[in-house]
Amino acid sequence: MVFFESAPAKITLSVDVLGKRDDGYHDVEMVMTTVDLADRVALSSLNGDRIDVSADNQYVPNDERNLAFKAALALKNKYHLTRGVRIDIEKNIPVSAGLGGGSSDAAAVLRGLNKLWKLNLSLEELAEIGAGIGSDVPFCVYGSTALAKGRGEIIEEIPPPPVKWAILAKPNIGVSTRVVFNQLEIENLPHPNTTKILDAIAEQDFYKLCNHVGNVLETVTTSLFPNVQRIKEKMTQAGANGVLMSGSGPTIVGLVEHQYKAIRIYNGLRGFCDEVYVVRVIGHSNTC
Ligand code: C5P
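As the structure is a computational prediction, the values presented were derived from the model and not from experiment.

A closer look at the packing of aromatic side chains
Under the definition given, this model contains 1 aromatic pair. With a centroid separation of 5.0 Å and an interplanar angle of 80 degrees, the aromatic rings of Phe206 and Tyr207 are classed as edge-to-face. Above the face of the Phe4 ring, Arg40 is positioned so that its terminal group lies 4.0 Å from the ring centre. One residue, Lys234, lies across the ring of Phe272, its end atom 4.8 Å from the ring centre.

A look at the environment of Arg280
Here Arg280 shows up in strand β11 (residues 275–280). Note: C-alpha distance between Arg280 and Asn92 (188 residues apart in sequence) is 15 Å. Filtering out sequence-adjacent residues up to four positions away, Arg280 remains in contact with Thr34, Val35, Asp36, Lys164 and Trp165.

A few points about a negative patch on the surface
There is a patch of like negative charges on the surface, built from Glu124, Glu125, Glu128 and Glu157. Here the negative patch takes 3 residues from helix α3 (residues 123–131), the largest share from any one element. With respect to the secondary-structure elements, Glu124 resides in helix α3.

A few points about the site of the ligand
Around the ligand, a shell composed of Gly24, Tyr25, His26, Val28, Gly134, Ser135, Arg151, Thr177, Arg178 and Phe181 is seen. Take Ser135: an N or O atom from its side chain is 2.5 Å from an oxygen atom of the ligand. When residues of the shell around the ligand are assigned to their parent elements, the largest contribution, 3 residues, is made by helix α5 (residues 177–182). Looking at the shell around the ligand residue by residue, the classes come out as 3 nonpolar, 5 polar and 2 charged. Shared between two domains, the shell around the ligand takes at least three residues from each, and those domains are domain 1 (2–158) and domain 2 (165–280).

A word on the sheet that holds strand β7 (residues 165–170)
Strands pair in a sheet through their backbones, by hydrogen bonds, and they do so in one of two ways: parallel or antiparallel. Overall, antiparallel pairing links the 4 strands, which are arranged β9-β10-β7-β11 in an open sheet. Bordering the open sheet on either side are β9 (242–245) and β11, each of which pairs with just one other strand. The mean angle between the axes of side-by-side strands here comes to 20 degrees, regardless of whether they run parallel or antiparallel. In terms of strand pairing, β7 meets β11 through 6 bridges, oriented antiparallel. Note on β11: the bridge partner recorded for Leu168 is Tyr277. Where helix α9 (residues 226–237) meets the sheet, it contacts β7, β9 and β10 (252–256), and its direction lies at approximately 10 degrees from that of β10.

Some remarks on the domain arrangement of the protein chain
Along its sequence, the protein chain is organised into domain 1 (2–158) and domain 2 (165–280). Each of domain 1 and domain 2 has a C-alpha centre, and the two are 23 Å apart. Listed per partner, the contact involves 27 residues of domain 1 and 35 residues of domain 2. Interface area, domain 1 with domain 2, both sides summed: about 2,300 Å², of which 67% is carbon and sulfur. Broken down residue by residue, the surface that domain 1 buries against domain 2 is led by Leu13, Val15 and Val17, which jointly contribute 23%. Our count for the contact surface shared by domain 1 and domain 2 stands at 0 salt bridges. On the surface where domain 1 and domain 2 come into contact, there are 13 residue pairs in polar contact (both at pLDDT 80 or more). Those elements that place two or more of their residues in the side of domain 1 that touches domain 2 are β1 (2–20) and β2 (26–46). In terms of residues, the side of domain 1 that touches domain 2 owes the most to one element, β1, which gives 10 residues.

The rules behind each value
- Residues numbered from 1 in each chain as written.
- Predicted model: local features only at pLDDT ≥ 70, side-chain atom pairs only at ≥ 80, totals over all residues.
- Heavy atoms only, no water.
- Phe/Tyr/Trp six-rings, centres within 6.5 Å; stacked < 30°, edge-to-face > 60°.
- Lys NZ or Arg CZ within 6 Å of the ring centre and 35° of its normal.
- Helix = DSSP H or I, 4+ residues; strand = E, 2+ residues; numbered from the N terminus.
- Contact = heavy atoms within 4.5 Å.
- Patch = residues over 30% accessible without salt bridge, like charges linked within 9 Å, V, L, I, M, F, W, Y side chains within 5 Å.
- Areas by Shrake-Rupley, 256 points an atom, 1.4 Å probe, with all protein chains shown as cover.
- Salt bridge = Lys/Arg side-chain N within 4 Å of Asp/Glu carboxyl O.
- Lys, Arg positive; Asp, Glu negative; His and termini not counted.
- Charge placed at Lys NZ, Arg CZ, Asp CG, Glu CD.
- Near = heavy atom within 4 Å.
- Polar contact = N/O pair within 3.5 Å; in protein donor to acceptor, adjacent residues only side chain to side chain.
- Nonpolar A, V, L, I, M, F, W, Y, C, P; charged D, E, K, R; others polar.
- Domains from an automatic or database assignment.
- Pairing = 2+ DSSP bridges.
- Axes fitted to C-alpha atoms, helices over the stretch in contact; angles between N-to-C directions.
- Buried area = accessible area lost by both parts, 1.4 Å probe.

Here it is, written out as structure tokens:
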């Protein structure tokens, strides 16, 4: 029997970094939500005690380095399970893009194996296991809209944001989260006002949200890759109401109210940027 689990991309609505920690990570405050651009993760039982993973994308490793493999292994180790699983990942989310694709695949494996192996674990328990795999995995386990704190693994779910459509524009470069955090200069960061973002979501005020979106990591990624700043400017000129980089980048997100506007901006950006997507914001948990 093959079991399918959807692994939606995440976008950030704000990313703030509060300081560097003794463990090498940074304390963050991020507001994140999900969109309908998704990988498709197929899980099937294997005879024997092994994990096979394969993805239809040359940039994704088909071995123990894959976060989906790590997720299955973490679950097997924690509950002393001697079961085998084959994981096939159809990649639709661009890789190293700031859209949480690898983390979402890992989260989908945790949710899917929870069902396939009838483990009956709660999302909280899966998120806790996910935190050992990567800082963004707990958010992806919930797959809703949340304020993430700590190194990103402390999740407070909040209502879906007042935005239906987004345009994602990804230049043809991959960005390492580790490199971006390493180069961040903590002093004089242009901090977004996270409280205002949360207020805008609570009040379901689209324009207020758009006025306050922001990402401190842009300071690093745009200086490493000036093209990211140009795409941001293009997205703004094209008429997106709120514009920011997602995660550590390089994908630029444009927020709009209506589909026709999203399509107009998509058409305007296509000649300028390799990969452009119009996506619907989901923002609520669709995982059970
Ligand atoms: O947790 P994850 O493995 O996804 O993080 C990748 C790298 O990004 C970490 O090794 C660390 O260098 C950096 N990072 C950080 N602070 C965070 C999250 C990630 O410094 N909150």
